[in-house]
Amino acid sequence: MSRGRPSGEKTRCGGLWTEARFRSFVKGNLRSATRKWQPIQQCKKNAHVGRGIYMCNGCKQEVPPTIVDEDKRKRVTNIFVDHIKPIVDPEVGFTTWDEVIEGMFCESDNLQLLCKKCHDIKCEEEKALATKRRKGSIDEE
Ligand SMILES: [Zn+2]
């Protein structure tokens, strides 16, 4: 058995939650707290190049902070503070909470501002790597 892989057994929250559910719950709450993390606020400020205009570090375009999502027919966030080195390496997966916390509350040298399009592309790539890793680990068993 490899360490750190959720078993699918409901051992958390009085037997209602799997380890994976518990982890994403804790991660989500930590992520909310990063809004109060100064390097993240600073990254947004640094990318603010004019009134309501931000510089995306991916496509190097000047972008507005919100855009209209035509499918959802509503205004959505268009600027994301991205961790250049991912919080959890998608090719390795979850290791320890220490790593998650260190990664999430990182210094400004690991942060960049991305527009929604660039952020979505990066997320897709990381998701694909994580999926590949999970498939690989199932094959080993
Ligand atoms: Zn961009």
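Because the structure is a prediction, the values reported are computed rather than measured. (Residues numbered from 1 in each chain as written. Predicted model: local features only at pLDDT ≥ 70, side-chain atom pairs only at ≥ 80, totals over all residues.)

Draft legend 1. Seen up close, the overall build of the protein. What the protein contains, in helices and strands, is four helices and seven strands. The N-to-C order of helical and strand elements in the protein reads α-α-β-β-β-β-β-β-α-β-α. Its C-alpha atoms give the protein principal-axis dimensions of roughly 55 × 30 × 30 Å. Expressed as a percentage of its 141 residues, the buried residues of the protein come to 11%. Put simply, 59% of the contacts in the protein that link residues at least 6 apart link residues at least 24 apart. (Helix = DSSP H or I, 4+ residues; strand = E, 2+ residues; numbered from the N terminus. Buried ≥ 20, exposed ≤ 12 C-beta atoms within 10 Å, placed from the backbone. Contact = placed C-beta atoms within 7 Å.)

Draft legend 2. Region of the structure containing the packing of helix α1 (residues 19-33) against helix α3 (residues 97-104). Following both chains from N to C, one finds α1 and α3 inclined at 25°, their axes separated by 10 Å at the closest point. In terms of their interaxial angle, α1 and α3 are classed as roughly parallel. Crossing handedness for the pair α1 and α3: right-handed. Side by side, α1 and α3 meet where K27, L30 and R31 of the first sit next to V100, I101 and M104 of the second. Grouping the amino acids of the contact of α1 with α3 by side-chain chemistry returns four nonpolar, no polar and two charged. (Axes fitted to C-alpha atoms, helices over the stretch in contact; angles between N-to-C directions. Parallel < 35°, antiparallel > 145°, perpendicular 65-115°, else oblique. Left-handed = near helix turned anticlockwise from the far one by under 90°. Nonpolar A, V, L, I, M, F, W, Y, C, P; charged D, E, K, R; others polar.)

Draft legend 3. A look at the nonpolar core. Within the largest apolar cluster, 13 residues are counted, with the highest numbers of intra-cluster contacts made by Y54, C56, I79, L113, L114 and C115. The set of elements that each furnish at least two residues to this core consists of α2 (38-47), β6 (79-83) and β7 (111-115). Ranked by the residues each element gives to this core, the list is headed by β7, at four residues. Sequence-distant contacts of L114, that is, excluding residues within four places in its chain, are made with C56, N57, G58, F80, D82, H119 and K122. (Core = buried A, V, L, I, M, F, W, Y, C linked by C-beta atoms within 7 Å.)

Draft legend 4. Structural view of the sheet that holds strand β3 (residues 62-63). Pairing within the open sheet is antiparallel, and its three strands lie in the order β1-β2-β3. Lying at the two open borders of the sheet, with one neighbouring strand each, are β1 (48-50) and β3. In the sheet, strand β2 (residues 53-55) pairs with β3 via two bridges, with the strands oriented antiparallel. Bridge assignment links M55 to a residue of β3, and that residue is E62. (Pairing = 2+ DSSP bridges.)

Draft legend 5. Looking closely at the pairing of strand β5 (residues 74-77). As judged from the four bridges shared by strand β4 (residues 66-69) and β5, these two strands associate in the antiparallel manner. Looking at the pairing, V68 lines up with R75 of β5. Taking the residues between adjacent antiparallel strands as the criterion, β4 and β5 are bridged by four residues, where R73 takes a positive phi near 50°.

Draft legend 6. Looking closely at the environment of K122. Here K122 shows up in helix α4 (residues 116-140). A C-alpha to C-alpha distance of 23 Å links K122 and T96, two positions 26 residues apart in sequence. Setting aside residues no more than four positions away along its own chain, K122 makes contact with D82 and L114.

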